[in-house]
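Secondary and tertiary structure notes
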Amino acid sequence: MIDRVTFEMALLEVLHHDYLTKMGIENKSNIKPKSGDIKKNNNNNNNNNNNNNNKKQNKQVAPLSGSLKDIEKRRRQVYKPVLDNPYTQSNLWPFVEPEVSETLLELLSHLFSNVGSYNKVVASGKDKPEFVKPEEPEILRNGMTLGFNSTVGALERQAKKTTDILNGKTGQEENNSKYIKYVLVTKFDITPSLLVQHFPVLACTASKSKEDRVKLVQLPRGASKRLSDMLNISNVTIIGLTSDIRAAQGVYDLIDNKVDDVNVPWLEQMLAECSKVEFSKPVLKVLSTSAPIFPKKNDQKKKNKESKQVENKEEGSKEQEKDSDIKNSGK
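What you are looking at is a predicted structure, and each value in this text was computed from that prediction instead of being measured.

1. As for the overall build of the chain
Along the chain, the regular secondary structure elements total twelve helices and six strands. Here the chain holds 331 residues, and the buried ones make up 27% of them.

2. Re helix 4 (residues 98-111)
Between the first and last C-alpha of helix 4 there are 20 Å, a value that for 14 residues agrees with the 20 Å anticipated at 1.5 Å per step. When we look at burial in helix 4, the residues that qualify are Val-100, Ser-101, Leu-104, Leu-105, Leu-108 and Leu-111. Viewed along the axis of helix 4, the buried residues span an arc of 135°, placing them on a single side of the element. Seen from the open side of helix 4, the exposed residues pointing more than 90 degrees away from its buried face are Pro-98, Glu-99 and His-110. Looking at the buried positions of helix 4, the neighbouring elements they touch are helix 5 (113-125), helix 6 (138-141), strand 3 (180-185), strand 4 (215-218), helix 9 (223-231) and helix 10 (249-258).

3. Looking at the sheet that holds strand 2 (residues 145-146)
A sheet is described by the order of its strands in space; here four strands give the open sequence 2-5-3-4, paired in mixed fashion. Looking at which strands have only one partner, the edges of the open sheet turn out to be strand 2 and strand 4. The sheet contact formed by strand 2 and strand 5 (residues 238-242) spans two bridges and is antiparallel. Paired with Thr-145 across the two strands is Gly-240, which belongs to strand 5.

4. Quick look at the confidence of the model for the chain
Taken as a whole, the chain shows an average pLDDT of 76; of its residues, 65% reach a score of 70 or greater. Ignoring residues within four places in sequence, the model shows residues 56-62, a span with pLDDT below 50, making zero contacts including any to other chains.

5. Focus on the nonpolar core
The biggest cluster of nonpolar side chains holds 28 residues, and the ones touching the most others in it are Leu-104, Leu-108, Phe-112, Leu-184, Leu-227 and Ile-239. Mapped onto this core, the elements with two or more residues apiece are helix 4, strand 3, helix 9, strand 5 and helix 10. Beyond its immediate sequence surroundings of up to four residues, Phe-112 is in contact with Ile-139, Met-144, Leu-227, Met-230, Leu-231 and Ile-239. Residues Leu-92, Val-152, Leu-202 and Leu-271 belong to the second largest nonpolar core, which totals 25 residues.

6. Some remarks on the pattern of salt bridges
One pass over the structure, following the stated rule, counts seven salt bridges. The closest approach of N and O atoms between Lys-225 and Asp-229, which form a salt bridge, is 3.3 Å. Of this pair, Lys-225 and Asp-229 are both found in helix 9, four residues apart, which corresponds to roughly one turn of the helix. For Lys-225, a relative accessible area of 58% translates into the label exposed. A single network of salt bridges, built from pairs that share partners, joins Arg-213, Lys-215 and Asp-261.

7. A few points about the side chain of Ser-207
Within the element layout of this structure, Ser-207 appears in the loop between helix 8 (199-205) and strand 4. On the accessibility criterion, Ser-207 (3% relative accessible area) is buried. A distance of 2.9 Å separates a polar atom in the side chain of Ser-207 from the backbone nitrogen of Val-214. With near-sequence residues (within four places) excluded, Ser-207 lies in contact with Thr-162, Tyr-179, Asp-212, Arg-213, Val-214 and Leu-271.

8. Considerations on a negative patch on the surface
A cluster of acidic residues, Glu-311, Glu-314, Glu-315 and Glu-319, forms a negative patch at the surface. Mapping Glu-319 onto the fold places it in helix 12 (residues 297-330).

9. Here we look at the pairing of strand 4
Every other side chain in a regular strand lies on the same face of the sheet, so the side chains alternate between the two faces. Because side chains alternate across strand 4, one face comprises the buried residues Lys-215 and Val-217, and the other comprises Leu-216 and Gln-218, equally buried. Where strand 3 lies against strand 4, four bridges are found, and the strand directions are parallel. Within the sheet, the bridge partner assigned to Leu-184 lies in strand 4 and is Val-217. Viewed along the sheet, the connection from strand 3 through helix 8 into strand 4 turns out right-handed.

10. Concerning the packing of aromatic side chains
One pass over the full model with this rule turns up three aromatic pairs. Between the NZ or CZ atom of Lys-208 and the centre of the ring of Tyr-179, over which it lies, the distance is 4.6 Å.

11. Re the packing of helix 4 against helix 9
Contact pair helix 4 / helix 9: the axes reach a minimum separation of 10 Å and the direction vectors enclose 15°. When the interaxial angle is binned, helix 4 and helix 9 end up roughly parallel. For the element pair helix 4 and helix 9, the recorded crossing hand is right-handed. The segment helix 4 lies against helix 9, with Glu-102, Leu-105, Leu-108 and Ser-109 engaging Ala-223, Arg-226, Leu-227 and Met-230. For the contact of helix 4 with helix 9, a count of residues per class yields five nonpolar, one polar and two charged.

12. A few points about the side chain of Thr-205
The residue Thr-205 is located in helix 8 in this model. The contact partners of Thr-205, leaving out residues within four places of it in the chain, are Gln-158, Ala-159, Thr-162, Leu-267 and Met-270.

13. A look at unusual backbone geometry
The omega torsion of the bond from Thr-191 to Pro-192 falls at -5°, within 30 degrees of zero and hence cis. By the element assignment, Pro-192 lies in the loop between strand 3 and helix 8. A positive phi angle is found at Asn-232, which is not glycine, with a value near 55°. Within the secondary structure layout, Asn-232 lies in the loop between helix 9 and strand 5. A relative accessible area of 41% means that Asn-232 is categorised as partly exposed.

What counts, and where the lines are drawn
- Residues numbered from 1 in each chain as written.
- Predicted model: local features only at pLDDT ≥ 70, side-chain atom pairs only at ≥ 80, totals over all residues.
- Heavy atoms only, no water.
- Helix = DSSP H or I, 4+ residues; strand = E, 2+ residues; numbered from the N terminus.
- Buried < 20%, exposed > 50% of the residue type's maximum accessible area, 1.4 Å probe, protein only.
- Expected span 1.5 Å × (residues − 1).
- Arc of directions from axis to C-beta.
- Contact = heavy atoms within 4.5 Å.
- Pairing = 2+ DSSP bridges.
- pLDDT = per-residue confidence, 0-100.
- Core = buried A, V, L, I, M, F, W, Y, C linked by side-chain atoms within 4.5 Å.
- Salt bridge = Lys/Arg side-chain N within 4 Å of Asp/Glu carboxyl O.
- Polar contact = N/O pair within 3.5 Å; in protein donor to acceptor, adjacent residues only side chain to side chain.
- Patch = residues over 30% accessible without salt bridge, like charges linked within 9 Å, V, L, I, M, F, W, Y side chains within 5 Å.
- Areas by Shrake-Rupley, 256 points an atom, 1.4 Å probe, with all protein chains shown as cover.
- Lys, Arg positive; Asp, Glu negative; His and termini not counted.
- Charge placed at Lys NZ, Arg CZ, Asp CG, Glu CD.
- Right-handed = clockwise from strand over helix to strand, strands pointing away.
- Phe/Tyr/Trp six-rings, centres within 6.5 Å; stacked < 30°, edge-to-face > 60°.
- Lys NZ or Arg CZ within 6 Å of the ring centre and 35° of its normal.
- Axes fitted to C-alpha atoms, helices over the stretch in contact; angles between N-to-C directions.
- Parallel < 35°, antiparallel > 145°, perpendicular 65-115°, else oblique.
- Left-handed = near helix turned anticlockwise from the far one by under 90°.
- Nonpolar A, V, L, I, M, F, W, Y, C, P; charged D, E, K, R; others polar.

Structure representation (structure tokens):
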């Protein structure tokens, strides 16, 4: 027999449990699950984790929706033609040994001694009214060029002869200017380096033939100051010399024997036989890449703005024309 007190306690516990269940605040931590229930819960948790992972993967692979942002993200495969250049040498300057450079600067100091004295006398007496300008040294009379503009201009005139032959203009008068055979460049003292990047190609095209090439010589760092002191001229960076200066024979021999010719492979045939140059077909390759299907929103706004500006200008010009026509008809 169950006593009255025990029965009432059990009834109160059942009623309390039902109340908590209805209110949704049942404390499940006090209920100890069975071993079978633990396994089921673990399996359910694993299934839930797998479902979450699948959802993440599906989100990454899911196709884009029709929103504006998704439309801007969509891309299509395109093929862009690329011109393939077999000659991609970055440095075409002939290498000069340090010992050769130092010997060359010593020879130039002796060669330019008269020019330096002449420039010093002219600079000191140019403001005097009774000053009589002395006779120029031989090296200046025979076509020596000083500076970037004068040297580049002389080389371009020489290169024009080659281009005229390529274009079939053989009947024109020959240029009477001296042939610049040796070009000395203080490459490492010139900034930016882009200013002298074209000199190897220019020297090659300015050459008379494969046997009579323009010699391009790069001088070491600090040579610009030394040349300026020799010539008594500020900022001397480039010098051009002809091949008929008697006092410069030692310079010619050193450069011819110790400095290689400029080697530009794609211009060799032009120097070999100017009248029979055969151009190869361009080598085109196709690059596979992607491009947006629609332009970005900002780009589209910019294009629309530009088109409106063009339309407004056209309308304004038309109105001006109408006004001018009305005025002319009134007259």
